[in-house]
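Report on the structure
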Amino acid sequence: MYKSAFTRHQRIHTGERPFVCAECGKCFSQNIHLEKHRRNHESPAPHKCLQCGRGFRNEIDLLSHQRTHEKPFHCVLCQQSFMDKSSLVVHEHVTKEEKPFSCLECGKTFMKKSSLVKHQRIHTGAFACPDCGKCLSDKTGLIIHRRTHTGEKPYACSECGRRFTQRCHLITHQSVHTSKESFACSDCGKCFSVRSVLEAHQAFHNRHKAFTCSDCGKCFLQKSALMAHSKVHAMEPYSVS
């Protein structure tokens, strides 16, 4: 009994269908399915499928058959459709492991062709920074990157006027004004409810500020911050003595 059940189960993987209808040649994996199918040839089949014309003795069998024409489960990676969710799950698992789209430059693989095309822009320099030559994968990334060179900060806080290079940084900062913690660090934006705690925190920044502006003496934690600050002095008009 167990061996026969195992044999039937293996046919799911092998696709073997040893039981053949003598009337129409259709094949089945189990004899019980063949016997049920034969009844369609032996008796009238008033219930016809509008898509393929196949007839059935009752409406339940017709409805069951019509599901073979419907494939409501769609793969988001390749748009292939399936009749049942389990088949879709198996397909997606295989697809995710395969990643058939490969970059000829670096060998990196992708599941979708659109992801490969976007990646290839890194190698082709489709979005290259004219200031430093760095390549970005999209136009938005290039715009944000260039602000590190220009010092542009288009997003301004309506409460205090402080400006930011990205909208997400502005949103994070605005919590300073809506939060009960009203003492904010001017270096990193972190907020505190007690001024003395803020002062202790700022002392930590001051101990680690290794980059000093030669024009005004202001100190910075990072070299990039010092370079951005130096442009402020570079744009100042020269005084004629």
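A few points on the structure.

Calculation criteria
- Sequence order as written defines the numbering, with residues in each chain counted from 1.
- It should be noted that, the model being predicted, local features are given only for residues of pLDDT at least 70 and side-chain atom pairs only at 80 or more, the latter also being counted only at that level, while totals for whole chains, interfaces and linings use all residues.
- Remark: hydrogens and water are excluded; side-chain values derive from all non-hydrogen atoms of the structure.
- Only DSSP runs of H or I reaching four residues or more are called helices, and only runs of E reaching two or more are called strands; each is numbered from the N terminus.
- Burial status follows relative accessibility: with a 1.4 Å probe on protein chains alone, a residue under 20% of its type maximum counts as buried, one over 50% as exposed, and anything between as partly exposed.
- It only takes one pair of heavy atoms within 4.5 Å for two residues to be counted as in contact.
- Where accessible areas are quoted, they stem from the Shrake-Rupley method and a 1.4 Å probe; at the residue level, only the protein chains shown are allowed to cover.
- Take the number of residues in a helix, subtract one, and multiply by 1.5 Å to get its expected span.
- The term salt bridge refers to a pairing of a side-chain nitrogen on Lys or Arg with a carboxyl oxygen on Asp or Glu at a separation within 4 Å.
- Only a pair of cysteine sulfur atoms within 2.5 Å counts as a disulfide in this structure description.
- This arc is built from the directions going out from the helix axis to the C-beta atoms.

**A short note on the overall build of the protein chain**
Check the secondary structure of the protein chain and you find nine helices and 16 strands. Buried residues in the protein chain amount to 19% of all 241 residues. Taking contacts inside the protein chain between residues at least 6 apart in sequence as the whole, the part at least 24 apart equals 4%. Total accessible area on the protein chain is roughly 17,700 Å²; 54% of this is exposed by carbon and sulfur atoms.

**Details of helix α6 (residues 139-150)**
When the terminal C-alpha atoms of α6 are compared, their 16 Å separation across twelve residues agrees well with the 16 Å that a helix rising 1.5 Å per residue should span. When we look at burial in α6, the residues that qualify are Leu-142, His-145 and Arg-147.

**Observations regarding the environment of Cys-106**
With respect to the element layout, Cys-106 can be found in the loop between β7 (101-102) and β8 (109-110). A relative accessible area of 43% places Cys-106 in the partly exposed class. Residues Cys-106 and Gln-120 lie 14 residues apart in sequence; the distance between their C-alpha atoms is 9.4 Å. If we ignore the near neighbours within four places in the chain, the residues touching Cys-106 are His-119 and His-123.

**Quick notes on the environment of Arg-146**
Tracing the backbone shows Arg-146 in helix α6. For Arg-146, a relative accessible area of 31% corresponds to the partly exposed category. Taking C-alpha positions, Arg-146 is 9.8 Å from Lys-134, a pair spaced twelve residues apart along the chain. Those residues in contact with Arg-146 that sit more than four places away from it in its chain are Cys-129, Pro-130 and Asp-131.

**Thoughts on the pattern of salt bridges**
For the coordinates displayed, the defined rule picks out two salt bridges. Residue Asp-61 pairs with Lys-36 through a salt bridge whose shortest N-O separation is 3.9 Å. Of the two residues, Asp-61 is situated in helix α3 (residues 59-66) and Lys-36 in helix α2 (residues 31-42); the sequence distance between them amounts to 25 residues. Glu-152 is paired through a salt bridge with Arg-147; the nearest N and O atoms lie 4.0 Å apart. Judged by relative accessible area, Glu-152 falls into the partly exposed class, the value being 41%.

**Comments concerning the side chain of Arg-147**
By the element assignment, Arg-147 lies in helix α6. On the basis of relative accessibility, which here comes to 12%, the residue Arg-147 falls in the buried class. Each residue touching Arg-147, except ones within four places of it in the same chain, is listed here: Glu-152, Pro-154, Tyr-155, Thr-165 and Gln-166.

**Examining the side chain of Asp-61**
What makes Asp-61 buried here is its relative accessible area of 18%. Discounting residues that sit within four places of it in the chain, Asp-61 has contacts with Lys-36 and Phe-56.

**Some details on the state of the cysteines**
Overall, the coordinates contain zero disulfides when judged by the stated rule. Here Cys-157 is not disulfide-linked; the sulfur of Cys-160 is the nearest cysteine sulfur, at 3.7 Å.

**So, α3**
Buried within α3 are the following residues: Asp-61, Leu-62 and His-65. Take α3 and look down its axis: the buried residues cluster within an arc of 100 degrees, on one side only.

**Some words on the environment of Ser-175**
Here Ser-175 shows up in helix α7 (residues 167-178). Each C-alpha atom, one on Ser-175 and one on Gly-189, is 9.7 Å from the other, the two residues being 14 residues apart in sequence.

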